[in-house]
Amino acid sequence: MNYKRILTIQDISCVGQCSLTVALPIISACGIETSVLPSAVLSTHTAGFTGFTCRDLTDDMPDICAHWKKEGITFDGIYTGYLGSAKQIEYVKNIVDATAAEGCLVVVDPAMADNGKLYPAFDIDFVAEMKKLCADADYLLPNITEACFLTDMEYRTNYDSAYIDELIKKLCSLGAKNVIITGVSYKEGHTGVVVFENGESQYYEHRQIAGGIHGTGDIYASAFVGAKLRGKTAFEAAKIAADYVVECIMESKKDPNHTYGARFEPVLGKLISML
Ligand code: PXL
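About the criteria used
Residue positions are counted from 1 within each chain, in the order its sequence is given. Local features are withheld for residues below a pLDDT of 70 in this predicted model, meaning they are given only at 70 or higher, and side-chain atom pairs are given and counted only at 80 or more; totals for whole chains, interfaces and linings count all residues. Excluding hydrogens and water, the side-chain figures rest on all heavy atoms present in the structure. Think of it this way: any DSSP run of H or I at least four residues long counts as a helix, any run of E at least two long counts as a strand, and we number them from the N terminus. What the globule rule says is 2.2 Å times the number of residues to the power 0.38, and the radius of gyration is computed from C-alpha atoms. Exposed residues in this analysis have more than 50% of their type's maximum accessible area, buried residues have under 20%, and partly exposed residues fall in between, with area computed by a 1.4 Å probe over protein chains only. Contact definition: two residues touch when any of their heavy atoms are within 4.5 Å. Any carboxyl oxygen of Asp or Glu within 4 Å of a side-chain nitrogen of Lys or Arg constitutes a salt bridge here. When at least one non-hydrogen atom of a residue lies within 4 Å of a molecule or strand, that residue is treated as near it. Side-chain atoms alone can form a polar contact between residues adjacent in sequence; in general such a contact is a pair of N or O atoms within 3.5 Å, and within protein one must be able to donate a hydrogen while the other accepts it. Computed with a 1.4 Å probe, the accessible areas rest on the Shrake-Rupley method; for each residue, only the protein chains presented here act as cover. All amino acids are sorted into three groups, where Ala, Val, Leu, Ile, Met, Phe, Trp, Tyr, Cys and Pro are nonpolar, Asp, Glu, Lys and Arg are charged, and the leftover types, Gly among them, are polar. Residue types Ala, Val, Leu, Ile, Met, Phe, Trp, Tyr and Cys, when buried and joined through side-chain atoms within 4.5 Å, form a set referred to as a nonpolar core. Note on aromatic contacts: the rings of Phe and Tyr and the six-membered ring of Trp form a pair at centre separations within 6.5 Å, being stacked when their planes are under 30 degrees apart, edge-to-face when over 60 apart, and tilted otherwise. Geometrically, a lysine NZ or arginine CZ counts as sitting over a ring once it is within 6 Å of the ring centre and also within 35 degrees of the ring normal. Should DSSP find at least two bridges between two strands, the strands are regarded as paired. Here, expected helix span is obtained from the residue count minus one, scaled by 1.5 Å. Here the arc refers to the set of directions running from the helix axis out to each C-beta atom.

Notes on the overall build of the protein chain
Here is step 1 of the chain: Counting secondary structure elements, the protein chain contains 9 helices and 11 strands.
Here is step 2 of the chain: Relative to its length of 275 residues, the protein chain is compact, with a C-alpha radius of gyration of 17 Å against a globular reference of 19 Å.
Here is step 3 of the chain: For the C-alpha atoms alone, the extent of the protein chain along its principal axes is close to 55 × 45 × 40 Å.
Here is step 4 of the chain: Within the protein chain, buried positions represent 51% of all 275 residues.
Here is step 5 of the chain: Restricting to contacts in the protein chain with at least 6 residues of sequence separation, those with at least 24 account for 67%.

Quick look at the pattern of salt bridges
Here is step 1 of the chain: Evaluation of the coordinates by the stated rule reveals 11 salt bridges.
Here is step 2 of the chain: A salt bridge links Lys254 to Glu251; its shortest N-O distance comes to 3.0 Å.
Here is step 3 of the chain: The exposure class assigned to Lys254 is exposed, which follows from its relative accessible area of 62%.
Here is step 4 of the chain: According to the relative accessible area criterion, Glu251 is buried, its value standing at 14%.

Quick notes on the site of the ligand
Here is step 1 of the chain: Surrounding the ligand, one finds Asp11, Ser13, Cys18, Ser19, Leu42, His45, Thr46, Ala47, Tyr82, Tyr119, His214 and Asp218.
Here is step 2 of the chain: A distance of 2.6 Å separates an oxygen atom of the ligand from a polar side-chain atom of Thr46.
Here is step 3 of the chain: Interatomic distance of 3.5 Å between a side-chain N/O atom of His214 and an oxygen atom of the ligand.
Here is step 4 of the chain: Its free accessible area being 310 Å², the ligand has 98% of it covered by the protein chains.
Here is step 5 of the chain: Class assignment for the residues of the shell around the ligand results in 5 nonpolar, 5 polar and 2 charged.

So, the environment of Gly16
Here is step 1 of the chain: Positionally, Gly16 belongs in the loop between strand E1 (5-15) and helix H1 (20-29).
Here is step 2 of the chain: Taking the C-alpha atoms as reference points, Gly16 and Cys54, separated by 38 residues in sequence, lie 14 Å from one another.

Comments concerning the side chain of Asn143
Here is step 1 of the chain: With respect to the element layout, Asn143 can be found in the loop between strand E8 (139-140) and helix H5 (144-151).
Here is step 2 of the chain: A polar contact is formed between the side chain of Asn143 and the backbone nitrogen of Glu146, at a distance of 2.7 Å.

Some details on the nonpolar core
One recurring pattern in soluble globular proteins: nonpolar side chains tend to sit buried together.
Here is step 1 of the chain: Formed by 47 residues in total, the largest nonpolar core has its most connected members in Ile9, Met130, Leu140, Ile144, Ile164, Leu167 and Ile181.
Here is step 2 of the chain: Apart from residues lying up to four places away in sequence, Met130 is in contact with Leu83, Ile89, Val108, Pro110, Met112 and Leu150.
Here is step 3 of the chain: Residues Ile27, Tyr220, Ala242 and Ala262 belong to the second largest nonpolar core, which totals 41 residues.

Description of the packing of aromatic side chains
Here is step 1 of the chain: The tally for this structure, following the rule as stated, stands at 9 aromatic pairs.
Here is step 2 of the chain: Arranged with centres 6.1 Å apart and planes meeting at 75 degrees, the rings of Tyr159 and Tyr186 form a pair that is edge-to-face. With Tyr159 in the loop between H5 and helix H6 (161-173) and Tyr186 in the loop between strand E9 (178-181) and strand E10 (190-197), this residue pair connects regions lying 27 residues apart in the sequence.
Here is step 3 of the chain: The ring of Tyr163 is capped by Arg156, whose NZ or CZ atom sits 4.6 Å from the centre of that ring.

Considerations on the pairing of E10
Here is step 1 of the chain: Counting buried positions along E10 yields 6 of 8 residues, so the element is predominantly enclosed.
Here is step 2 of the chain: As defined by bridge partners, E9 adjoins E10 across 3 bridges and the pair is classed as antiparallel. For Ile180, the partnering residue across the bridge sits in E10 and is Val195.
Here is step 3 of the chain: As judged from the 8 bridges shared by E10 and strand E11 (residues 200-207), these two strands associate in the antiparallel manner. Bridge pairing links Val195 to Gln202 in E11.

Considerations on H6
Here is step 1 of the chain: Here H6 spans 18 Å end to end across 13 residues, near enough to the 18 Å set by a 1.5 Å rise per residue.
Here is step 2 of the chain: Taken together, the buried positions of H6 are Tyr163, Ile164, Leu167, Ile168 and Leu171. Looking straight down H6, one finds that the buried residues subtend no more than 135 degrees of arc, so they occupy a single side. Opposite the buried face of H6, at more than 90 degrees from it, the exposed residues are Lys169 and Ser173.
Here is step 3 of the chain: Where H6 is buried, its residues touch E8, H5, E9, E10 and E11.
Here is step 4 of the chain: One or two steps after H6, the chain reaches Gly175, where phi turns positive at roughly 115 degrees.

Written as structure tokens, this is what we have:
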């Protein structure tokens, strides 16, 4: 196997099974060296917990980037998730420019919104900066809410494939090369992902398991990145990530009170066996 190194930039939520505490183990389990750049350190994630602490690490980023440049450090993949501030997005773009190895896979998960609403830490200035980061994305992985904020389209819960096609067209006009939209449901009890690659869309549908669990978008993006860097096609990687998320949700449902995050750890072996 060709040994690859990825950089993932997202927050550390100390407790909460999301962002880096999910990305690092999942991508490592896929056999990829995983370097991290924490965008912020929070005591917990911001969905469902109150009174969380947050240390924004924006100001550390230029020095970290300068050091990596001096050392000649480069990455075969760069995957961004939840970022700490609008200003930070500019620095993240500089890091991509400075450290992407030739043929580097850039995956942007614009983790900033769900269910029609921005997460508490974000505002419209953050959205404006995130639109700029989309231009760097080989693969952009929004949910429908994020896609709507990025394209200024109306958020809808009832839609058809023409609505999704329109979202994709507008996301590509921001500069994203390929787009994967998660949480696309055309049928009661089912959900899926639309993979738009090289000008063509494919849909992978799977079971929808009732009851929201936080952090599944981060699990999805991490598994997608791991599978893609292991040489799967985008559609294969999108399917593997979707099947893995279903396994994680089923595992989590064993304890109905465990909703702050998904129990992804006991089913890591299933992910590995899909690679
Ligand atoms: O799962 C996305 C995410 C990541 N990090 C933090 C969050 C959220 C979603 O709410 O609050 C800190």
